[in-house]
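Letter by letter, the chains look like this.
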Amino acid sequence: MNIYEDYLQPIRKAIAADGQTRTYSELAGGNVRNKINLKALNEAVPEKRLLPSLEQFADMVGLKPDFTQKLGSHPDFAHLKHTEDTEEHYIVSMFVDVRRSTQLYGRYEPATVFVINNAIQRAAIHTALIFGGYVHRLQGDGLFAYFGGKNMSIKDAVNRALQFASIYSYFVKHDLKEVFEEQGIEQIYTRIGVDLGYDEDVVWAMAGIGEISEVTTFSLHTNLASKMQANAVSNGIVIGDHIKKEAALLQEFFSPVCLRTGKEADRYIFEIPKKGFRYTQHDFDWLKFLKKQDYIASDFYGNIQLKRKQAPAVYANSNNLAPIAVKSKPYYDF
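How each quantity is defined
Residues numbered from 1 in each chain as written. Predicted model: local features only at pLDDT ≥ 70, side-chain atom pairs only at ≥ 80, totals over all residues. Heavy atoms only, no water. Helix = DSSP H or I, 4+ residues; strand = E, 2+ residues; numbered from the N terminus. Buried < 20%, exposed > 50% of the residue type's maximum accessible area, 1.4 Å probe, protein only. Contact = heavy atoms within 4.5 Å. Areas by Shrake-Rupley, 256 points an atom, 1.4 Å probe, with all protein chains shown as cover. Salt bridge = Lys/Arg side-chain N within 4 Å of Asp/Glu carboxyl O. Expected span 1.5 Å × (residues − 1).

Novice: It is not clear to me how the overall build of the protein should be interpreted in this structure. Could you clarify?
Specialist: Along its length, the protein carries 9 helices and 15 strands. Looking at the protein residue by residue over its 334 residues, the buried ones come to 51%. Expressed as a percentage of contacts within the protein between residues at least 6 apart in sequence, the contacts between residues at least 24 apart total 71%. Summed over all atoms, the accessible surface of the protein reaches about 15700 Å², with 48% contributed by carbon and sulfur.

Novice: I would appreciate a short explanation of unusual backbone geometry in the present structure.
Specialist: Working note: non-glycine residues mostly have negative phi, and peptide bonds are mostly trans. Even without a glycine there, the phi angle at His 82 is positive, about 60°. Structurally, the position occupied by His 82 is in the loop between helix 3 (52-61) and strand 1 (87-88). Residues other than glycine seldom take positive phi values, yet Arg 100 does so here, at roughly 70°. Of note, Arg 100 is situated in the loop between strand 2 (91-99) and helix 4 (110-130).

Novice: Help me out: how do you make sense of the side chain of Thr 190 in this one?
Specialist: Residue placement: Thr 190 occurs in strand 5 (residues 189-197). Setting aside its immediate chain neighbours within four residues, Thr 190 contacts Asp 97, Val 98, Tyr 168, Ser 169, Val 172, Val 233, Ser 234, Asn 235 and Gly 236.

Novice: Explanation requested: the environment of Gly 132 in the structure shown.
Specialist: Within the secondary structure, Gly 132 is located in the loop between helix 4 and strand 3 (133-139). Between the alpha carbons of Gly 132 and Asp 156 there is a distance of 9.8 Å; along the sequence they are 24 residues apart. Apart from residues lying up to four places away in sequence, Gly 132 is in contact with Phe 147, Met 152 and Arg 160.

Novice: Help me understand the pattern of salt bridges in this model?
Specialist: Pairs can form between side chains of opposite charge once their charged atoms are near each other. Across all of its chains, the model carries 11 salt bridges by this definition. Arg 191 serves as the salt-bridge partner of Asp 97, at 3.9 Å between the closest nitrogen and oxygen. Within this pair, whereas Asp 97 is found in strand 2, its partner Arg 191 is found in strand 5, the two being separated by 94 residues in sequence. In terms of burial, Asp 97 and Arg 191 fall into one category: buried. We note a salt bridge from Lys 288 to Glu 252, for which the minimum N-O separation is 3.6 Å.

Novice: Would you mind going over helix 5 (residues 154-181) with me for this structure?
Specialist: For an α-helix, the turn length of 3.6 residues means that residues three or four places apart are oriented alike. Compared with the 40 Å implied by 1.5 Å per residue over 28 residues, the 39 Å span of helix 5 between its first and last C-alpha is a close match. Along helix 5, 21 of the 28 residues are buried, which leaves the element largely enclosed by surrounding structure.

Novice: Whenever I open this one, the environment of Asn 117 confuses me. Can you help?
Specialist: If you trace the backbone, Asn 117 turns up in helix 4. The class of Asn 117 is buried, set by a relative accessible area of 16%. Here the alpha-carbon distance between Asn 117 and Ile 11, two residues 106 residues apart in the chain, equals 8.7 Å.

This is the structure we're talking about:
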């Protein structure tokens, strides 16, 4: 899709320079075995600036990333740090797990893996920020993110989470795969779990002690997002019933996990039989969803690409996805 082409370049350069005694291309100074120049990496993939290919996409959808975030401190709930206070507020939780990346250590120098993982992770962070996500925690080259807050509706949070998950899944399944296939490396893939907890389902509070702490959520649905990603197929996305409920116009993209596995026991991700509570997990057909987006075009062979830049569509509200023409400042409300 070319959204991530600029993020793939440092990966290619790192692989090309691996194991050689010469200077580590533009990405590192000195011997590759002994020294990594983080400054050079930051120049290749800036911490707080989108690379041109992704910046073009952000401009197309009319959204801008917020680079002021801090791990473990969602801006809407950061005031709970070092207090005994709690708040109940909805949130969409997402676990993005990048699988088989450990095999890179069997092929490349640790310094090379450092560059590869950082480029992959920064691509994920930058994309999440574009869609208003909050990156709560980094896990290897994967991450845990929240979507939503006090200034975003539930439906918008759900739609933006699904947009991010779909685009990033495409990056790993197609763009990143091509780079590694050239090197004879087995497929590296993602598994993503997404779920929504309503106000009454989520408690925000400080966890830990002193500075060994974070402001986080205590919610069944945060935990279920993690369990769902474990149940996803390679490059798959599994979502919970609440996500399906809030995406009324996207029902064609969801199907119970049990239909894939052929096991009725896989229908529910969590049950409380005594209370009659059974919570269904669903596979999300993210590629089919992605092809329906206004900014995506398909070629003769079914490959997808970004449409040429044009004035983005603006939606009247989250309950009606029919675009309306506007002449004001572009904004894309999913």
